[in-house]
Amino acid sequence: MLSHPLLFELATEWRTWKGQWFKYLILLFGFSLLAVLLAMGLRIGELLFIDPPAWVNSDKHKNLYTLSRYHQKVGMHGVSLNTIEGLKGIPGIESIAYIAFRSRSIKHQGTLFDSTEIAYFSESFRNQISLKFPTKEGVAESQLAWVSTRFFEQELKGNPAVIGSTIRITRNPVPLIIAGVLPPELNRLGKNQPDIWVNDKNLRYHTPFVAPPVGSNNPEKEKILNKFLRNAPIYYVIFALEKAIDPAEIQQIVAANFTVDSAMTFSMPGSELRVQQGVVFDPETKQALKNQWLALLALILALSIILTINALTLFGGHIVMHWRSIKTKRILGASQKSFLLSDLWSLALPLIFLTLFSYVLLLLGEKTINFSELYKSFAGNTRFSVSAPIWAASLLLTFVVLYLSKAMQVLNFSEEKLFDRAFGNSKTRSQLLLADLFLVIQLAGGFLIASIAASMALSEWQSQSAVSIDRSVTEVKISYNGDAKIPNSLYSGRFPGLSSIPVGASIPGFQEPLTASIKRAGTKTSVSVNAIYVSENYFDLLAVNKVTWSGSWPNGVIVSRSLASVLAEKEDYSDLEAAPVAVKMLFEKTYPIVGVIDDIPHFGVSQRGDPMVYLPISAAFLNNNMALISKPEHAEALADAANLWAQKNLLNPRISPIESLDEIIRQTDSLRLGFLAATLAVSLLINILIFISISYQIKSRIKMTEHEYGVRMVYGCSASHLILVACRDCFLALLVAVPIATAGLWWLDSRYAQFLDVPLLRVSVLPPVVLITALLILLAATVPIASLLKKSLFGLMRHT
Amino acid sequence: MSHLITAESISKVFQSGAIETKALDNISFNLNNGESLAITGASGSGKSTLLSIIGLLDSPTSGALYLQGQLVSGLSNYQKRILRNREIGWIFQNFNLIGHLDVLENITLPLRYDPRVSWRDYENIGKQALTSVGLADKATALPQQLSGGQQQRVAIARALVNKPSLILADEPTGNLDSKTSTNIIDLLFTVVAQGATLLLVTHEPDLALRCDSEIILNDGLVSDAKPPITV
């Protein structure tokens, strides 16, 4: 016999759940998920609002700010040194540091590295960061270079001999000595992934002017160079203040002090100065992560409500099944304290499960976040990991909720009268109301989340099926320095040296259209659109559906259906045929519209409705990259031919790997698809939990009123009628839950659908979800009724 | 001889909405230590209600009940629980054994709620009680693996395990055949002979005759008492 109280409670708990362990395990799994989501939510919150990036020296400077410019389309970009000067008017400024990122080719020991990202940092920048830069005695900092861990490992093959060797940056007359390898934390700063770090004095070699080496006596040239470098908006600024000041106030001071040297305007219309608290190199990513964090908090809240109700009903049902034991124990002298202790001991084993499950889930969660592009963009190389105290705290909190759910039900039952002929049935009106309220909440919650998941899945399916292009088409991108002369044969879809293969061309690539504005002749309002130059056969290769097609292409422009809807006055777009439109990019030019095509998902499936205009490639100018498309079977041959042609005809060409349009679109859609997958998984888990809880609730209600069922059976009630009797409460609860959930869906959809970029309510999914819920309720009642039918009627009647 | 139980004008009214049902009406009696008392009467006469009040499962609507000289209505729930655990041994018609606990675990249950008993002693004390009812070999059996008579023996062992001064038995042989009933009754009276006080509810006249005294209830009133009641 197990005498020790802990072992005794563990063993008896195990026995009372005999045959029900799966349900209990699912509940524990749900609580483990809750603990992990809570821990991850806390950690992400810490990253978003408390922790600076791993490379920032936050000990030295407590009040850090970032100064940059921001443009709706381009995003965050740099400010000029003149703007930085304006910061000096801020009271209590401790330090100002800045960094600029530029893509250049470098040469190291005879090897050319194209498109190397170089970070040019101010001397003060090193003080702002907590990581040490190796130095070389006797060599000026401007003559040193540091390589990132990634570049060192991937491009320089981790060869330690490179330290002390020299590299040469294109147009930089002075070779730089590699002083060392920087820690991995500096592999990524926001979206920028610098390969080489150099002092900002080297920027002088990367202006449109030829710069003499530092120290050469050429005052005229130095003047022009300095003027350019003062006005070029390329610097991201981190500054520290003695005391915290409202960023808006700082913004006003900087804007008031903003100056531009004459003839040096690099303004970008729509761009504005922005001061942000903390070190923020990628505000869009931070905002996206914040949105996901808020969605995670909402999920945690929803999950904790559902799980608590679930636990209450599961434990409540369990107690109903064992009310005789509880009564007997109380008669024998069991106190509330002994019930509470017994509950605590009995949760020792579930706690082990909870810990194990949550540990595994935590590892998976950490891995998923570390793989996520969004997180990488935000935190760079800093691994996402939840500290043991945060995990333990989340686990403890979850355990407390689980324990209280169990203890509350026992306490609730241990208040029942010890002598009552109707014991076990003697639920008060408030208890019954509470049970029904729980049922309504569970059904409404399950219905709501299932409807959201179904609406999202349906929309995604419809979006995917609405895309009519051939996604197997592949793309190879070529980027180069300067402007290129596009071979005439490409206009009509033939690449030099590959006359047998149909090749399409675009400037720029599939995913990178340019911005333009378009205006119909005779109208005043222009529409902001995306534009791309394409070859004659581009649409044929993509197999895109042509809505209207005059046959005059490429003597005009093609517009997407969504743009046509904006421009046209007639529903069939007939008024657009040959209608002249003014397309403004750098210059304005008028073209006739010669066709309307279905929307192509350049920015992913959900954004395929962004208006597009397609111009003939022969009209392209000032290009430094192009993309070639072909059928997948010709991709290799095209890539080889493109490489050969590019080496011969282009300056410093770089060829991208072959990618199918499907891959490109999927990458763009990955965030949304991931969100959909996560919603489906969570919806499935929550609905399994709710189904288990409701089935257990029905089972315990049947158990509580077995005698009533016995009486009905004696008088000839059929099995189907018994099932309906068992479902009666659930169906009534469903009738109440559906309107509540629909109202909730409508509210969520109107408030968050645009924000999350997914529809949350599709009316067409509601009837099937109601039907499936009703069928699941029937199923939940059928099983206990079937086992009731196997019992002897005599036994049922005797068991009062 | 001191009174173990003194009941003075005990009444009990059950209320269901506007309907009042008087289950007990002005019941008074004494029971001394070491004596046995049978409460008999027809179904619905209030026997089990009276037993539940004496066993501290319920409270009277009016009247006073003294246990070991203590006025029960003045006791807290905590004190009542302690009394129930240490001074009262309950035996039910339907045994009330816990199905997922084995015989020994069922018997030692009252010990688990008595902090004076160390968990290391549960097994020994439980086995002694089990031996005293002749079921030493059934320690690890589950209740449903035993016959009705054996289950009632286990219930008696559980009632005795804390050595209570009062044993309350609610129709202890109601679910048993006559041969088994005789054995159980013999066992109960052996316990009484060892000094315990027994108060039992029964329908069976033979069983009532074996008790020192008898109260016959009719519609909540004492219709007869043998010997006549003295309060």
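Before going into details, it helps to say that this report is about the structure given with it.

Parameters at a glance
- Residues numbered from 1 in each chain as written.
- Chains lettered and ligands numbered in written order.
- Predicted model: local features only at pLDDT ≥ 70, side-chain atom pairs only at ≥ 80, totals over all residues.
- Heavy atoms only, no water.
- Buried < 20%, exposed > 50% of the residue type's maximum accessible area, 1.4 Å probe, protein only.
- Helix = DSSP H or I, 4+ residues; strand = E, 2+ residues; numbered from the N terminus.
- Pairing = 2+ DSSP bridges.
- Phe/Tyr/Trp six-rings, centres within 6.5 Å; stacked < 30°, edge-to-face > 60°.
- Lys NZ or Arg CZ within 6 Å of the ring centre and 35° of its normal.
- Contact = heavy atoms within 4.5 Å.
- Buried area = accessible area lost by both parts, 1.4 Å probe.
- Salt bridge = Lys/Arg side-chain N within 4 Å of Asp/Glu carboxyl O.
- Polar contact = N/O pair within 3.5 Å; in protein donor to acceptor, adjacent residues only side chain to side chain.
- Patch = residues over 30% accessible without salt bridge, like charges linked within 9 Å, V, L, I, M, F, W, Y side chains within 5 Å.
- Areas by Shrake-Rupley, 256 points an atom, 1.4 Å probe, with all protein chains shown as cover.
- Core = buried A, V, L, I, M, F, W, Y, C linked by side-chain atoms within 4.5 Å.
- Disulfide = S-S within 2.5 Å.

Glancing now at the pairing of strand E9 (residues 213–218) of chain B. All names here are of chain B. E9 sits mainly inside the fold: five of its six residues count as buried. The pairing of strand E3 (residues 36–41) with E9 spans five bridges and is parallel. Note that in E9 the partner of threonine 40 across the bridge is isoleucine 216. Judged from the five bridges that link them, E9 and strand E10 (residues 221–226) form a sheet pairing that is antiparallel. If you follow isoleucine 215 over to E10, its bridge partner there is alanine 225. Remark: two residues form the turn of the hairpin made by E9 and E10, two consecutive strands paired antiparallel; aspartate 219 in that turn has positive phi of roughly 50°.

Inspection of every chain in the model, using the stated rule, returns 23 aromatic pairs over all chains. Summarising the aromatic geometry, the rings of tyrosine 65 of chain A and phenylalanine 239 of chain A are spaced 5.4 Å apart at their centres and angled 15° between planes, so their arrangement reads as stacked. Of this pair, tyrosine 65 of chain A sits in strand E1 (residues 63–71) while phenylalanine 239 of chain A sits in strand E9 (residues 236–241), placing them 174 residues apart in sequence. According to the relative accessible area criterion, phenylalanine 239 of chain A is buried, its value standing at 0%. Each ring, one from tyrosine 538 of chain A and one from phenylalanine 539 of chain A, has its centre 5.9 Å from the other, and the planes form 90°; the classification is edge-to-face. One aromatic cluster in this structure is built from Trp14, Trp17, Trp21, Tyr24, Phe315 and Tyr696 of chain A. The cationic tip of arginine 112 of chain B hangs over the ring face of phenylalanine 8 of chain A; the distance from NZ or CZ to the ring centre is 3.4 Å.

This brings us to the interface of chain B and chain A. Taken together, the 29 residues of chain B in the interface contact 25 residues of chain A. Interface area, chain B with chain A, both sides summed: about 2500 Å², of which 64% is carbon and sulfur. Between the two partners, chain B and chain A, sit one salt bridge. In this structure, the salt-bridge partner of glutamate 105 of chain B is arginine 15 of chain A, at a minimum N-O distance of 2.7 Å. Between chain B and chain A we count eight residue pairs in polar contact (both at pLDDT 80 or more) in total. Taken together, the elements giving at least two residues each to the side of chain B that touches chain A come down to helix H1 (47–54), helix H2 (77–87), helix H3 (103–107), helix H4 (109–112) and helix H5 (122–132) of chain B.

Here the focus is a nonpolar patch on the surface. Residues and elements named next belong to chain A. A cluster of nonpolar side chains, contributed by Leu301, Ile305, Leu434, Leu437 and Ile441, occupies part of the molecular surface with about 430 Å² of accessible area. Where the nonpolar patch is concerned, the elements lending two or more residues are helix H8 (283–321) and helix H14 (429–466). Its place among the elements puts leucine 301 in helix H8.

Note on placement: histidine 322 of chain A falls in the loop between H8 and helix H9 (323–331). With residues near it in sequence (within four places) discarded, histidine 322 of chain A still touches Thr16 of chain A together with His100 of chain B.

With that out of the way, let us pick up the nonpolar core. All names here are of chain A. Counting 97 residues, the largest nonpolar core has Leu27 and Ile698 as its most contacted members. With 17 residues, the single largest contributor to this core is helix H2 (residues 21–49). Judged by nonpolar contacts, the second largest core, of 42 residues, contains Tyr480, Phe495, Val503 and Leu628.

Bringing the pattern of salt bridges into the picture now. The full count for this structure, using the stated rule, is 24 salt bridges over all chains. The partner of lysine 22 of chain B in a salt bridge is aspartate 25 of chain B, and the shortest N-O contact between them spans 3.6 Å. On the basis of relative accessible area, aspartate 25 of chain B is assigned to the partly exposed category, the value being 24%. Salt bridges linked by common partners bring Glu13, Asp343 and Lys406 of chain A together as one network.

Quick look at the state of the cysteines now. Evaluated as defined, the whole model comprises zero disulfides over all chains. Distance from the sulfur of cysteine 727 of chain A, which forms no disulfide, to the nearest cysteine sulfur (cysteine 730 of chain A) is 6.5 Å.

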